[in-house]
Each structure stands twice: as structure tokens, then as C-alpha cells.
Amino acid sequence: MTATTNMSTDHSRATADAAHTHGGGTVPEASRADRATSFELSAFPVPTGREEDWRFSPVDRLQRLFAGDLTGTGPVVTVESDDDVRVERVGRDDARLGKVGAPGDRVAAAAWQSFGEALVVTLPKNHVDTRHTMVAINGDAETAAAPAAEHVLVLAEELSESLVVLDHRGSAELAQTVEIDVRDGAHLTVVSIQDWDEDAIHVGNHRVRLGRDARLKHIVVTLGGGIVRLTPDVSFTAPGGDVELLGLYFTDAGQHQEHRLFVDHAVPSCKSRATYKGALQGEGAHSVWVGDVLIRHEAEGTDTYELNRNLVLTEGARADSVPNLEIETGEIEGAGHASATGRFDDEQLFYLRSRGIPEEEARRLVVRGFFAELINQIGIPMVQERLMAAIEEELSRTMGAAAR
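Before going into details, it helps to say that this report is about the structure given with it. (Residues numbered from 1 in each chain as written. Predicted model: local features only at pLDDT ≥ 70, side-chain atom pairs only at ≥ 80, totals over all residues. Heavy atoms only, no water.)

### Re the sheet that holds strand β15 (residues 256-265)
So, point 1. In spatial order, the strands read β4-β5-β7-β9-β11-β13-β15-β17-β19; together these 9 strands make up an open sheet with mixed pairing. A strand with exactly one partner marks an edge of an open sheet, and here the two such strands are β4 (86-91) and β19 (318-327). Strand-to-strand twist in this sheet, taken as the mean axis angle between neighbours without regard to direction, amounts to 10°.
So, point 2. Strand direction decides the pairing type here: strand β5 (residues 117-123) and strand β7 (residues 148-156), joined by 6 bridges, are parallel. What sits directly across from Val-120, in β7, is Leu-153.
So, point 3. Where helix α2 (residues 106-114) meets the sheet, its contacts fall on β7, β9 (173-182) and β11 (201-210), and the angle it forms with β9 comes to roughly 85°. (Pairing = 2+ DSSP bridges. Helix = DSSP H or I, 4+ residues; strand = E, 2+ residues; numbered from the N terminus. Axes fitted to C-alpha atoms, helices over the stretch in contact; angles between N-to-C directions. Contact = heavy atoms within 4.5 Å.)

The following block contains the structure:
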């Protein structure tokens, strides 16, 4: 395949009435590679909302996180795992922390400078799970009273095979860093569930590093929270790396759910796939998905594709979808992206109703099917059943009104 140097596409500000439009009035950086990274808070000015990274975000509601004084009491964290999995709580001077990559925005830098203790989950060399590792992160009214920082490191050592779940519930105002270090030949699945109460604010940066022939399946499920903004950043360090980024979100009235992905192909012969699906309902529901893929000049043999689909269930909801693909070499296996935002498929509804299924139930079936493919890839029946029940509860709120 032959590609044009520095080819970049921006499908911006998608809404229910149009799958996507180009531009949007904000001029992005010339290259994703030019954006600054630093452990210093002073390297990042306080966002105004005009910056490329923050143009969709409700910056007025994030001022306490921007301030950087994240000294509140964080959520309570408990861990259940195999006996062979090492779970430690360490100080910020632990040499393993900060090795995956540096923060790329002001909240991520504030989270780095503010945490006092980190949770380190180590999957030992050659370890194969007999049970998944569950990291339960539970907040309450006290943890939501003041902004807090949290730091988690998941270290998958060579040739290990493991599944780790980060389960967020309750309430908090949280700036979170999750470092994911997948060493040579390791196979790791990380599932991050955001099932917060309606008043929660969660801004998280997942920084990922993959070694030679390492594989990561990274699954994000966002259902709750007033504001949830997650930024998974992926970098490859050696050939043979393979990352699959999967996500689903159900955005309700008044919620802001934002997922910004960055995959940095800087070495040859690596593969990435991103598939995110979202449903929106209710006045003021706002979802944002941004997928940045950078294929550097050195990354010959890259194979990448990203897809975002949004299903708008009611009036008053807005979905912004921006896939960006930047290619600096023509020697690649393949690269592409797709984005679509719309309402129910009339043909699907007609097919179901023609077989005697009432319209309201037909709509439920379409939404269940829309999400089921991704949920079934989690691989934990108890978690899958919980998520499908949560989606069913969301649907029960307004599906009757949508059918009228």
C-alpha cells in the first residue's frame, strides 16, 4: 500500500443528523507527535477549551483538577487475585513507577505530582491465571468532597497470561493514572469499568507500553459518572506487538463521556485495532470519541484500523467522533478508519416488527445486539451479565418515550 506522507483525516463534531463533518473551526497540531509530554505540571497551561485536546470537554467543571492540588481522600481500593499475583502498595519513589511514559496533559501531570502511594499489580513471568484479578475502586461522599489522585501500575512480566479488571463505583473527583507494562511475549487483558454515581468526576490516563510479541486487549466500559474522560496512550517498543482497544459507553442525560485514544506506531511490524461503540439518550447527553493513530517513518509493516459507531436514541443527545490517521511511511500492511453516528436502522426495525415483535421490544433488541459483540469479549460471565443488566436499566428509562 502506498500512503501520502503526513496524511491526516479529521471527522469532527458528528451529530445525530450527520454521520460526520470535516473540520469544526479548531486547527489541530500539525502532528500528534508534536504534542508535549512531561512529568512537570508547569509544562501544561491551564486549558481554556480552545485547545485540540480539550475542545470538547466541559473545562469549567474541571477547574479543581486543573489546579493540581489533589490532596483529597481517594477511593478505597481492594484487590482479589491468584496467590501467585503480587499486589503491593508502594511509595512514589518506587523505581518501577513512571517508566511506561510521561503525562500528556495537565490533569495527567497533576495526578503524577499528587499521588503519595501507588498500587502495583505484578503478573509473574510465565504465570497463567486460574482466576482474574479484580481491583475494586469504591468512592463515597467523603472521597467526592475534594479532588484526589490515584496511581496504579499493572506489570505483566514475560510470557504471562492474565486478566485484570478495574471496577470503579460510588462517587469521587479523581485524577487517575494507570500504567500498563506488557513485557515480551506476555498476553494481558485489562478491563476498566466506569460505573460511577451520577455526581462523579473521573479523568484518567492509561499509559501502555508493549514489548516484543506482546499482546494487550484493553476494554473500556463507561456507564456512570457526571464526567468521565479517559485517555489510553499506547506505545510499541519492539516488533510483533499487538493491541486491541475495545470500548462501549452508554451516555445518559447530562452526562459527558469522553474517550481519547492515541496509538503510537514507532517500530516495525506491529498491529493495532480499535473498536468503540456508544449509545446516547436524554437531553444534554454528550459523548466524545477521538482516535489518533500515528505511523512513524520507522514503523514499516504496520497494520492498523479504528472504528467508532454511535447510536442516538433520543433528541437532545450529541456525539462527537474524530478518527485521525497520520502516516509517515508508505511501507505498511494496511491502515484505515471509519466513523458513523445515527439513529435506529429502519430496516432492522421493520424486519423485527414484520415478525410480530412490538416496536419497543424491537428497539431493545437492536441496542442489545449493538453492544453484545463487545461485551461478550470480556470473558467474565458475571461481569458480562452485570453490564447487560445495566444497559437494560438504561433502556428502560426512555425507550418507551423514544418509541412514541
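### Digging into the environment of Asp-84
So, point 1. Mapped onto the elements of the fold, Asp-84 is located in the loop between β3 (76-80) and β4.
So, point 2. A C-alpha to C-alpha distance of 9.4 Å links Asp-84 and Val-128, two positions 44 residues apart in sequence.
So, point 3. Discounting chain neighbours no more than four positions away, the residues touching Asp-84 are Pro-124 and His-127.

### Topic: the sheet that holds strand β18 (residues 303-312)
So, point 1. With mixed pairing, 9 strands are arranged side by side in an open sheet as β3-β6-β8-β10-β12-β14-β16-β18-β20. Among the strands making up the open sheet, the edge pair consists of β3 and β20 (334-342). Here the strands of the sheet are splayed against their neighbours by 10° on average, with no regard to which way each runs.
So, point 2. Bridge count between strand β16 (residues 271-280) and β18: 10 bridges; the pairing is parallel. Looking across to β18, one finds that Tyr-276 is bridged to Asn-308.

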